[in-house]
Amino acid sequence: MKTLKEYTIPFSSLKNGKNLFSFELNRSFFETFNWEEFIDCSFKVDLSLIKSETMLDMNFTILGEVISLCDRCMDNLKLKLNNEFRQLIKFVENEQDVFKDELEFLSLNSYEINIAPYLFEYCLLSMPKKKIHQKIQDCNQENIQILEQYLLTKEKVNEKTKENDEIDSRWDKLKELKNKK
Ligand SMILES: [Zn+2]
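Now for a description of the structure that goes with this document. Everything quoted here is computed from the prediction, not taken from an experiment. (Residues numbered from 1 in each chain as written. Predicted model: local features only at pLDDT ≥ 70, side-chain atom pairs only at ≥ 80, totals over all residues. Heavy atoms only, no water.)

**With respect to the coordination of the zinc ion**
Counted only if it meets this: For Na, K and Ca the donor cutoff is 3.2 Å, while for all other metals N, O and S atoms must lie within 2.8 Å; water is not among the atoms, so some sites may look incomplete. Under this scheme a four-donor centre is tetrahedral when all angles range from 85 to 135 degrees, a four-donor centre is square planar and a six-donor centre octahedral when opposite donors are above 155 degrees with the rest from 65 to 115, and any other centre is irregular. Going along the chain from the N terminus, every DSSP run of H or I of four or more residues is numbered as a helix, and every run of E of two or more is numbered as a strand. When accessible area is computed with a 1.4 Å probe and restricted to protein chains, residues below 20% of their type maximum are described as buried, those above 50% as exposed, and intermediate ones as partly exposed.
Every protein donor of the zinc ion is accounted for by Cys-70 (SG), Cys-73 (SG), His-133 (ND1) and Cys-139 (SG), and the metal-donor separations fall at 2.0 to 2.4 Å. Every donor counted, the four donor atoms about the zinc ion form angles of 106 to 116 degrees at the centre, which fits tetrahedral coordination. Each donor residue of the zinc ion belongs to the same chain, and together they define the spacing C-x2-C-x59-H-x5-C. One end of the pair, Cys-70, is in the loop between strand 4 (55–69) and strand 5 (76–92); the other, Cys-139, is in the loop between helix 2 (116–125) and helix 3 (141–180), with 69 residues separating them in the sequence. For Cys-139, a relative accessible area of 5% translates into the label buried.

**Overview of the environment of Pro-10**
Selection criterion: Two residues qualify as a contact provided that any one of their heavy atoms is within 4.5 Å of a heavy atom in the partner residue.
Within the element layout of this structure, Pro-10 appears in the loop between strand 1 (8–9) and strand 2 (17–26). Among the residues examined, Pro-10 registers a relative accessible area of 39% and is labelled partly exposed. Spatially, the C-alpha atom of Pro-10 lies 8.6 Å from that of Asn-114, the residues being 104 residues apart in sequence. Setting aside its immediate chain neighbours within four residues, Pro-10 contacts Tyr-111 and Glu-112.

**A look at the sheet that holds strand 4**
We apply this condition: Should DSSP find at least two bridges between two strands, the strands are taken to pair. For helices, the fitted axis covers only the stretch in contact; all axes are lines through C-alpha atoms, and the angles between them, taken along N-to-C directions, range from 0 to 180 degrees.
Strands sit in the order 2-3-4-5-6 across an open sheet of five strands; the sheet is mixed. Two strands in the sheet have a free side with no partner beyond their single neighbour: strand 2 and strand 6 (103–107). In this sheet, neighbouring strand axes are inclined to one another by 20 degrees on average, regardless of whether the strands run parallel or antiparallel. As judged from the twelve bridges shared by strand 3 (residues 40–51) and strand 4, these two strands associate in the antiparallel manner. In the strand pairing of strand 4, Cys-41 is matched with Val-66. On the sheet, helix 2 packs against strand 2, strand 3, strand 4, strand 5 and strand 6 and is oriented at approximately 135 degrees with respect to strand 5.

**Topic: the packing of aromatic side chains**
Aromatic ring pairs are described here by two measures, namely the spacing of the ring centres and the angle between the planes. The line we're drawing: Here a pair means two rings of Phe, Tyr or Trp (six-membered ring of Trp) with centres within 6.5 Å. Their orientation is stacked below 30 degrees between planes, edge-to-face above 60, and tilted elsewhere.
A full pass over the atoms with the stated rule returns 16 aromatic pairs. For the pair Tyr-118 and Tyr-122, a centre-to-centre distance of 6.3 Å together with 20 degrees between the ring planes defines the contact as stacked. One end of the pair is Tyr-118 and the other is Tyr-122, both in helix 2 and four residues apart, which spans about a single turn. Given a relative accessible area of 9%, Tyr-118 falls into the buried group.

**Considerations on a nonpolar patch on the surface**
Short version of the rule: Residues enter patches when their relative accessible area tops 30% and they take part in no salt bridge; the joining distance is 9 Å for like charges and 5 Å for the nonpolar side chains Val, Leu, Ile, Met, Phe, Trp and Tyr. Working definition of accessibility: Shrake-Rupley area with a 1.4 Å probe, residue cover restricted to the visible protein chains. Salt bridges, as used here, are contacts in which a Lys or Arg side-chain nitrogen is within 4 Å of a carboxyl oxygen on Asp or Glu.
The grouping of Ile-39, Leu-69 and Met-74 at the surface amounts to a nonpolar patch, some 240 Å² of accessible area in total. Here Leu-69 is to be found in strand 4. A relative accessible area of 34% places Leu-69 in the partly exposed class.

In structure tokens, the structure reads:
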């Protein structure tokens with residue numbers, strides 16, 4: 001992954017105890033993960049990393065503003081996000097690809113960690129499942145009409161193909177009967 005070095009934390013040089021970091025993420029950060037759903041965005045992520053001999057305890061506080069598309073009217077929708085996530089990373093002799101809820105493992109020999117994948121994942125997890133304008137009157141009414149029209153036509157086309165299928169299956173039945181004779 002390109003230019004994500006700035007999200008690498010060389011934790012071996014950090015003091016034990018609490019260490020604070022701050023990151024600002026914009027659209028280009030998400031594009032490196034091929035995520036293009038955000039028309040625009042700006043995130044501020046504060047990370048409190050508590051280092052001990054046996055693990056890293058990372059607490060992310062995410063504040064974000066995203067412009068995405070409304071699921072109902074497909075017009076621009078501005079979302080304000082605010083969320084917190086915790087990630088524990090335990091040092092082990094042999095690094096394992098085991099994921100146990102919020103626990104991950106890192107080899108005792110490792111000395112740095114790239115947190116870009118966590119930043120990416122947690123920002124996306126902060127998005128609401130349903131992205132719609134809060135009030136229906138805030139939606140783009142013109143777009144809704146166009147979408148409804150489109151859905152109606154699509155339904156009609158589907159009905160037509162269904163009719164054709166029925167006719168086809170009747171022909172099949174007829175052929176079957178003929179063959180039996
Ligand atoms: Zn809308």
